[in-house]
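What follows is each chain in one-letter form.
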Amino acid sequence: MASASWNRRHVLSLADFTAAEFETVMETAVSFWQVLSRRTRKVPALQGLVVTNMFFEPSTRTRSSFELAAKRLSADVLNFAPGTSSLTKGETILDTAKTYLAMGTNLMVIRHQEAGVPGAIAAEMDRLNTGVGVLNGGDGLHAHPSQALLDLFTLGLTLDPDQPTASLIKGKKIALVGDILHSRVARSNLWCLTACGAEVHLAAPPTLLPPGFADAFITQSPIDIPRAIVQHSTLAPALEGADFVMTLRLQKERMAQHLLPSLREYHQGFGVTRDRIQSCQPTVKVLHPGPVNRGVEISSDLMDDPNLSLISDQVTSGVAVRMALLYLMGVGKKGGEGVGE
């Protein structure tokens with residue numbers, strides 16, 4: 001099933017992804033979505049390969065999702081725990097990665113609080129000519145590719161459950177609300193959504209969305225494609241006529257940094273509520289990457305409304321999308337077997 005539009009060994013960022021690559025991920029994820037609906041939810045696609053999850057910062061959804069995805073593909077899984085690792089004895093991160101390499105690792109999923117760590121490990125794997133693929137599970141303020149891809153898949157399923165594609169969001173207005181300045185999820189979603197033709201409207205207080213952010217982001221694009229991004233310092237214009245609203249987690253340490261007066265004032269100005277989404281399209285849906293601060297980024301009643309909230313759907317979509325990424329990166333190491341073989 002690996003497509004001619006896919007030739008990446010690593011997935012570190014979505015900044016240079018093409019429309020064809022987004023469609024390849026979507027197409028592959030659909031196949032695994034169907035697998036996950038069967039009674040037997042496991043395929044031998046990556047049997048014999050070793051996937052190592054190296055998470056240097058806490059994670060519930062991403063780490064568990066990657067572990068389950070690898071197991072559904074019949075890969076062997078190694079999980080790294082920094083608190084009980086040799087890092088506490090002075091071992092470097094690169095030496096830790098080489099230790100897992102010596103154990104036969106084929107794919108590494110790396111999450112780190114510092115931007116660039118997955119890229120540095122990928123570069124070392126390439127320098128050593130190991131053939132090991134590195135997937136960025138989230139690094140600093142840089143990127144979180146799999147989160148943006150599962151968000152895209154969730155949007156596609158909502159628009160067409162039978163045939164979700166990336167092109168379905170072309171022309172859709174998507175509001176992205178919250179701490180955009182410090183969000184790797186926001187950055188990856190901006191690359192992803194705009195490349196697929198959506199019009200993204202950003203909304204946050206100026207301390208969390210500096211003037212000129214959208215223009216600066218567009219100029220950083222490594223590929224020449226049109227990207228429609230509009231930013232607002234108030235919530236209402238971002239929500240008006242929106243097809244989807246994606247809220248972002250507000251980290252409480254932002255108050256200690258004097259970027260916000262209080263969580264209550266943030267909610268009063270930028271919290272997404274049932275009343276505020278009345279200005280959106282009648283079919284509007286709300287997303288959040290989690291974990292959610294109830295009553296801060298989004299009201300509890302809206303979050304728990306299955307007719308409006310896609311938050312649980314995002315978690316479910318994550319397994320299929322991460323299966324797709326691991327498959328696309330690992331299938332060449334298995335000689336090209338199909339999903340159902």
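Residues numbered from 1 in each chain as written. Predicted model: local features only at pLDDT ≥ 70, side-chain atom pairs only at ≥ 80, totals over all residues. Heavy atoms only, no water.

Some thoughts on the overall build of the protein
A count of helical and extended segments in the protein gives twelve helices and nine strands. Projected onto its principal axes, the C-alpha positions of the protein cover 55 × 50 × 40 Å. Considering only residue pairs separated by 6 or more positions, the protein has 79% of its internal contacts joining residues 24 or more positions apart. Counting every atom, the protein has about 14100 Å² of accessible surface; 50% of that belongs to carbon and sulfur. (Helix = DSSP H or I, 4+ residues; strand = E, 2+ residues; numbered from the N terminus. Contact = heavy atoms within 4.5 Å. Areas by Shrake-Rupley, 256 points an atom, 1.4 Å probe, with all protein chains shown as cover.)

Details of helix α5 (residues 145-159)
For α5, spanning 15 residues, the distance from its first C-alpha to its last is 21 Å, which sits close to the expected 21 Å at 1.5 Å a residue. Burial runs high along α5: 13 of the 15 residues are buried. (Expected span 1.5 Å × (residues − 1). Buried < 20%, exposed > 50% of the residue type's maximum accessible area, 1.4 Å probe, protein only.)

What to know about the pattern of salt bridges
A pair can form between side chains of opposite charge whenever their charged atoms are brought close. Applying the stated criterion to the full structure yields eleven salt bridges. Between Glu-57 and Arg-184 there is a salt bridge, with its nearest N and O atoms 2.4 Å apart. Note that Glu-57 is positioned in the loop between β1 (50-55) and α2 (61-72) and Arg-184 in helix α6 (residues 184-195), a separation of 127 residues in sequence. Ionic pairing is found between Lys-98 and Glu-124, a salt bridge with its closest N-O pair at 3.0 Å. A residue pair is termed long-range when its members are at least 10 positions apart, and Lys-98 in helix α3 (residues 93-102) and Glu-124 in helix α4 (residues 117-127) qualify at 26 residues. Taking relative accessible area as the criterion, Lys-98 reaches 30% and is therefore assigned partly exposed. Overlapping salt bridges, with partners in common, bring together Arg-8, Asp-16 and Glu-21 in one network. (Salt bridge = Lys/Arg side-chain N within 4 Å of Asp/Glu carboxyl O.)

Structural notes on the sheet that holds strand β2 (residues 76-80)
Taken in spatial order, the four strands of this open sheet run β2-β1-β3-β4, and their pairing is parallel. Because the sheet does not close on itself, it has two edges, and the strands there are β2 and β4 (133-139). For this sheet the average axis-to-axis angle between neighbouring strands, irrespective of direction, equals 15°. Relative to strand β3 (residues 107-112), β1 runs parallel, the two being bridged by five bridges. Paired with Met-54 across the strands is Ile-110, a residue of β3. (Pairing = 2+ DSSP bridges. Axes fitted to C-alpha atoms, helices over the stretch in contact; angles between N-to-C directions.)

Observations concerning the side chain of Asp-151
Considering the arrangement of structural elements, one finds Asp-151 in helix α5. Within the buried core, Asp-151 has no salt-bridge partner, and the shortest N-O distance to an opposite charge, that of Arg-322, equals 8.0 Å. Non-local contacts of Asp-151, meaning those with residues more than four positions away in its chain, are made with Val-185, Asn-189, Met-246, Leu-287 and Gln-314. (Lys, Arg positive; Asp, Glu negative; His and termini not counted.)

Brief notes about the domain arrangement of the protein
In many analyses, interface size is given as the accessible surface area lost on bringing the parts together. Once the domains are mapped, the protein shows domain 1 (10-143 + 316-332) and domain 2 (145-313). Here domain 1 and domain 2 have C-alpha centroids that lie 25 Å from each other. Taken together, the 33 residues of domain 1 in the interface contact 33 residues of domain 2. Summed over both partners, the interface of domain 1 with domain 2 comes to about 2600 Å²; 67% of that surface belongs to carbon and sulfur atoms. Run the count over domain 1 and domain 2 and you get ten residue pairs in polar contact (both at pLDDT 80 or more). When contributions to the side of domain 1 that touches domain 2 are tallied by element, the ones reaching two or more residues are α1 (19-36), α2, β3, β4 and α12 (311-334). Of the residues assigned to the side of domain 1 that touches domain 2, the class counts are 17 nonpolar, nine polar and seven charged. (Domains from an automatic or database assignment. Buried area = accessible area lost by both parts, 1.4 Å probe. Polar contact = N/O pair within 3.5 Å; in protein donor to acceptor, adjacent residues only side chain to side chain. Nonpolar A, V, L, I, M, F, W, Y, C, P; charged D, E, K, R; others polar.)

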